[in-house]
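Residue strings, one per chain:
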Amino acid sequence: VGGATTLTAGAGIGDISLDNPLNNINNVTVISGRDLTLKSAYNIGGVTIDLPQAAGRLRDVTIAYPGATSVAIGNGASSAAVVSGDLSVISGGSISNWSGYLSLNGASSTSNFTAGGNITLNDSRNYLGAVTVNPAKDALSVDLYNNSGNANLTILPTAGNLAGAITNLSLVQPNASLTLAANQVKGNLYVNNQGGTSSNNTLTVGAQTLNGSMDLRAENGITATGDWDVHTTANLNNTSGLALGNK
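Peer 1: Sorry, what's going on with the overall build of the protein here?
Peer 2: Within the protein, the secondary structure is distributed over zero helices and 26 strands. Radius of gyration (C-alpha) of the protein: 19 Å, near the 18 Å computed for a compact globule of 247 residues. The C-alpha extent of the protein, read off along each of the three principal axes, is 55 × 35 × 25 Å. Here the protein, with 247 residues, has 49% of them falling under the buried criterion. Accessible surface computed for the protein: about 10000 Å², of which carbon and sulfur atoms make up 48%. If you average the places of the 9 positive and of the 13 negative side-chain charges in the protein, the two averages end up 3 Å apart.

Peer 1: Help me understand the pairing of strand β1 (residues 5-8) in this model?
Peer 2: Side-chain direction in a regular strand flips from residue to residue, so the side chains alternate between the two faces of the sheet. The two faces of β1 differ: Thr-5 and Leu-7 on one face are buried, but Thr-6 and Thr-8 on the other face are not. Pairing analysis gives four bridges linking β1 to strand β3 (residues 28-32), with the strands arranged parallel. Paired with Thr-8 across the strands is Ser-32, a residue of β3.

Peer 1: Even after reading the chapter, I still don't get the environment of Val-47, so can you show me in this structure?
Peer 2: Note that Val-47 resides in strand β5 (residues 46-50). Relative accessible area serves as the criterion here: at 2%, Val-47 is assigned to the buried category. Each C-alpha atom, one on Val-47 and one on Asp-19, is 17 Å from the other, the two residues being 28 residues apart in sequence. In contact with Val-47, not counting residues within four places along its chain, are Asn-26, Asn-27, Tyr-42, Tyr-65, Ser-70, Val-71 and Ala-72.

Peer 1: Sorry if this is basic, but what is going on with the pattern of salt bridges here?
Peer 2: In the structure shown here, the tally under the stated rule is five salt bridges. A salt bridge links Arg-125 to Asp-123, with the shortest nitrogen-to-oxygen separation between them at 3.0 Å. Judged by its relative accessible area of 37%, Arg-125 is partly exposed. The closest approach of N and O atoms between Lys-186 and Asp-138, which form a salt bridge, is 2.8 Å. Of this pair, Lys-186 sits in the loop between β18 (178-180) and β19 (189-192) while Asp-138 sits in the loop between β14 (130-135) and β15 (141-145); the two residues are 48 residues apart in sequence, bridging distant segments of the chain. Looking at Lys-186, the relative accessible area reads 32%, which means it is partly exposed.

Peer 1: What exactly am I supposed to notice about the sheet that holds strand β10 (residues 94-97) here?
Peer 2: Within a sheet, neighbouring strands are paired by backbone hydrogen bonds and run either parallel or antiparallel to one another. Spatial ordering of the open sheet is given by β1-β3-β5-β7-β10-β13-β15-β17-β19-β22-β25, a layout of eleven strands whose pairing is parallel. Because the sheet does not close on itself, it has two edges, and the strands there are β1 and β25 (234-238). Sheet twist, expressed as the average angle between the axes of neighbouring strands with direction ignored, equals 10°. Sheet topology places β3 next to β5; two bridges connect them, and they run parallel. Within β5, the position partnered with Thr-29 by the bridge is Asp-50.

Conventions and cut-offs
- Residues numbered from 1 in each chain as written.
- Predicted model: local features only at pLDDT ≥ 70, side-chain atom pairs only at ≥ 80, totals over all residues.
- Heavy atoms only, no water.
- Helix = DSSP H or I, 4+ residues; strand = E, 2+ residues; numbered from the N terminus.
- Rg over C-alpha atoms; globule rule 2.2 N^0.38 Å.
- Buried < 20%, exposed > 50% of the residue type's maximum accessible area, 1.4 Å probe, protein only.
- Areas by Shrake-Rupley, 256 points an atom, 1.4 Å probe, with all protein chains shown as cover.
- Lys, Arg positive; Asp, Glu negative; His and termini not counted.
- Charge placed at Lys NZ, Arg CZ, Asp CG, Glu CD.
- Pairing = 2+ DSSP bridges.
- Contact = heavy atoms within 4.5 Å.
- Salt bridge = Lys/Arg side-chain N within 4 Å of Asp/Glu carboxyl O.
- Axes fitted to C-alpha atoms, helices over the stretch in contact; angles between N-to-C directions.

See the structure below:
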């Protein structure tokens, strides 16, 4: 397909499945549907994926553009791109917010991002569910803002990044505690779960060796489960009074 593609199926009842990886489609606008699968071999540049608001009634969404330089997701009306189930995005390059924000509004919704470039989903209105990141290389950064009550972050190894480590992590999830596994970040680490509806959010962080800085901000306690080696500056802020357990 040389130009943009617009897809419409019955809202909440009609599945859209373009699941042949040899498809060559670039920018896509989805008006409505239920489960959506988009796979494309497009490799000339970046693409935008325009997902509908709540009336479109999307449930599970899979987007795979392994040859694209970027995949930008959002809503063309600068509103919420609403997914009631799970979201999976694969990009050969970066993944980012486009217009509007992402709203995974299921109580147990998950999002899974596989990228060869930076993952920047930092709109302060985002609801991303429980997040899994699959970094294709270690020289990339992840910047997330996640309001979901079930927010979490898991970083997994890939064939191109067996350590499963990234360079920089910036994560704001004001409505959930977080446990960050050891040796996940090599550059700068910023995690903030203050300011949401809960005053009980904690941060638990495994051993990290950082060439840059560490900035941790929690509501109700910061715990280290391994050694932290920070080469520049460290800031630890806990609104309930600093409760640091560190080796």
